Amino acid sequence: MAKNYYQILGVERSATKEEIKKAFRKVARETHPDANRNDPEAEARFKLAAEAYEVLSNSERRRKYDRGDTIDLSSLFGGGGGLDDLLRSVFGDSGLFGSRPYRQPRGRDVLVRAQVSLEEAAFGTEATVEYEADSTCPECSGSGSSPGTQPVTCPDCGGAGQVRMSQRSVFGTMMSVTTCPTCRGEGSVIADPCVECSGSGTVPEKVTVNVEIPPGVSTGTRLRLTGRGESGGRAGPSGDLFVEVIVGEDPRFERHDSDLLHRISVGIAEASLGTRIDVPTIDGEPVPLEIPRGTQPGSLFTIAGYGMTRLGRRVRGDLMVVVDVTVPEDLDPEEEELLRRWAELRGERTNRPAST
């Protein structure tokens, strides 16, 4: 039975050259023996995919295949670089699995914590944080070389950071591009290392940073300062500094997102007859609150706009006031007499007074 090259690559018979090339790139990566070392059939599938692409990517061979003619593919697997040339035409010099351009390692990120009060969290503040991190070496300015000297071009890759390597396989000799092992992709090597940093380009340092804490933060909010983490060394990009905010508690308030809750206590007479009290606020100045006649225990009042600032917005939440009614425990004789008379007027039943 004739091989169905279109089915092998997973394309329609009407597929364009670009669609065929794209399909082969995908199938080749999936079936290459180096990516399937435990699959004994991977070699055969990869060979079929290469054979299918060799035929369908060439207009003349494709026409012959569609007519059912015999096609000579001996040059593809017979040595002489046939398969290597085919893969290079598809994947370029980077090879089947590619070789990414070298990037100087990025410095590590640093996480620190900043403690602020509830008031500071409401309106924003500036916090100072200290931490130890690898910073750019002041002696060599991060180059890693002794002052007055410079890194030299890598003798093995000529400064490219990559080298071509040949590898024998069941398909013949295949070429690939990989990171230069001598310079680790940098393209240069340190001939005379800096004494201060031993060629790394970084030294440990105690760092102090002032951080703007925006209004509305809560415990766990993380602020990111780009490039303020550890130095990458030798021209590598620095990491980032993350500041995690810890908001202290305020005994006057309970925080509920952007709202604050405050509890007040009033006496029986105040709750019954009404009163006016001053309520503390996060702003620092108290605001008056009218307690109406007949206020019940647990009653909730709202003072709009006196809560926390909403993070990233200029609006504020509310201050919620819960009223607790205090029942006196120790009454003097006169107070007890007055309270009993009040109970009689209200028709309430009370315990008899203790005998003397």
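Use the structure listed above.
Computed from a predicted structure; not experimentally measured. (Residues numbered from 1 in each chain as written. Predicted model: local features only at pLDDT ≥ 70, side-chain atom pairs only at ≥ 80, totals over all residues. Heavy atoms only, no water.)

**As for the sheet that holds strand 1 (residues 110-116)**
Thought 1: With respect to topology, three strands assemble into an open sheet ordered 1-9-8, the strand pairing being mixed. Across the chains shown, the open sheet's two edge strands, defined by having one partner strand only, are strand 1 and strand 8 (222-225). Averaged over all adjacent pairs, the angle separating strand axes in this sheet is 25 degrees, with direction ignored.
Thought 2: Two strands pair when backbone bridges link them, and strand 8 and strand 9 (residues 241-247) are joined in this way by four bridges, in the antiparallel orientation. Directly across from Arg222, in strand 9, lies its bridge partner Glu244. (Pairing = 2+ DSSP bridges. Helix = DSSP H or I, 4+ residues; strand = E, 2+ residues; numbered from the N terminus. Axes fitted to C-alpha atoms, helices over the stretch in contact; angles between N-to-C directions.)

**Side note on the side chain of Thr281**
Thought 1: The topology assignment puts Thr281 in the loop between strand 12 (275-279) and strand 13 (287-291).
Thought 2: Here the side chain of Thr281 touches Glu285 through a polar contact of 2.7 Å, landing on its backbone oxygen.
Thought 3: When residues no more than four places from it in sequence are discounted, the contact partners of Thr281 are Arg252, Phe253, Val287, Tyr306 and Leu319. (Polar contact = N/O pair within 3.5 Å; in protein donor to acceptor, adjacent residues only side chain to side chain. Contact = heavy atoms within 4.5 Å.)

**Examining a nonpolar patch on the surface**
Thought 1: Together, Leu331, Leu339 and Trp342 line one region of the surface with nonpolar side chains, adding up to about 240 Å² of accessible area.
Thought 2: In this structure, Leu331 sits in the loop between strand 15 (319-326) and helix 9 (333-346).
Thought 3: Since its relative accessible area comes to 32%, Leu331 is described here as partly exposed. (Patch = residues over 30% accessible without salt bridge, like charges linked within 9 Å, V, L, I, M, F, W, Y side chains within 5 Å. Areas by Shrake-Rupley, 256 points an atom, 1.4 Å probe, with all protein chains shown as cover. Salt bridge = Lys/Arg side-chain N within 4 Å of Asp/Glu carboxyl O. Buried < 20%, exposed > 50% of the residue type's maximum accessible area, 1.4 Å probe, protein only.)

**Here's the deal with the side chain of Asp250**
Thought 1: Summarising the element assignment, Asp250 is placed in the loop between strand 9 and strand 10 (254-256).
Thought 2: By relative accessible area, Asp250 is classed as buried at 15%.
Thought 3: Side chain to side chain, Asp250 and Arg252 meet in a polar contact 2.9 Å long.

**A short note on the packing of aromatic side chains**
Thought 1: In total, this model carries three aromatic pairs according to the counting rule given.
Thought 2: Between Tyr6 and Tyr65, the aromatic rings sit 6.0 Å apart at their centres with planes inclined by 50 degrees, giving tilted as the arrangement. In this pair, Tyr6 is assigned in helix 1 (residues 5-9) and Tyr65 in helix 4 (residues 59-67), connecting sequence segments 59 residues apart. (Phe/Tyr/Trp six-rings, centres within 6.5 Å; stacked < 30°, edge-to-face > 60°.)

**Description of the pairing of strand 9**
Thought 1: Here strand 9 lies mainly inside the structure; six of its seven residues are buried.
Thought 2: Sheet topology places strand 1 next to strand 9; seven bridges connect them, and they run parallel. Among the inter-strand pairings, Val110 is bridged to a residue of strand 9, identified as Leu241.

**A word on the packing of helix 2 (residues 17-31) against helix 3 (residues 42-56)**
Thought 1: For the pair helix 2 and helix 3, the least separation of the axes is 9 Å and the interaxial angle reads 165 degrees. Here helix 2 is positioned roughly antiparallel relative to helix 3, judged by the angle of their axes. Here the hand of the crossing between helix 2 and helix 3 comes out left-handed. Every residue of helix 3 that contacts helix 2 at Ile20, Lys21, Phe24, Val27, Ala28 and Thr31 is listed here: Ala42, Arg45, Phe46, Ala49, Ala50, Tyr53 and Leu56.
Thought 2: Of the residues that constitute the contact of helix 2 with helix 3, the class distribution is ten nonpolar, one polar and two charged. (Parallel < 35°, antiparallel > 145°, perpendicular 65-115°, else oblique. Left-handed = near helix turned anticlockwise from the far one by under 90°. Nonpolar A, V, L, I, M, F, W, Y, C, P; charged D, E, K, R; others polar.)

**Some words on the packing of helix 3 against helix 4**
Relative orientation and spacing of two packed helices are given, respectively, by the angle between their axes and the distance between those axes.
Thought 1: Interaxial distance between helix 3 and helix 4 falls to 6 Å at its minimum, and their mutual angle equals 105 degrees. As judged from the angle between their axes, helix 3 and helix 4 are roughly perpendicular. Judged by residue contacts, Glu54, Val55 and Leu56 of helix 3 engage Arg61, Arg62 and Tyr65 from helix 4.
Thought 2: Split into classes, the residues belonging to the contact of helix 3 with helix 4 amount to three nonpolar, no polar and three charged.

**Comments concerning the pattern of salt bridges**
Thought 1: On inspection of all chains with the given rule, the structure shows 18 salt bridges.
Thought 2: When the shortest N-O distance is used, the salt bridge between Glu290 and Arg276 registers 2.7 Å. Note that Glu290 is positioned in strand 13 and Arg276 in strand 12, a separation of 14 residues in sequence.
Thought 3: A residue is classified by how much of its surface remains accessible, and Arg276, at 53% relative accessible area, is exposed.
Thought 4: Put simply, Glu336 and Arg340 hold a salt bridge, and the shortest N to O gap is 3.2 Å. Here Glu336 pairs with Arg340, and both are found in helix 9, just four residues apart, close to one helical turn.
Thought 5: You can call Glu336 partly exposed: its relative accessible area is 28%.
Thought 6: Taken together, the shared-partner salt bridges in this structure form one network comprising Arg106, Asp109, Arg224 and Asp240.

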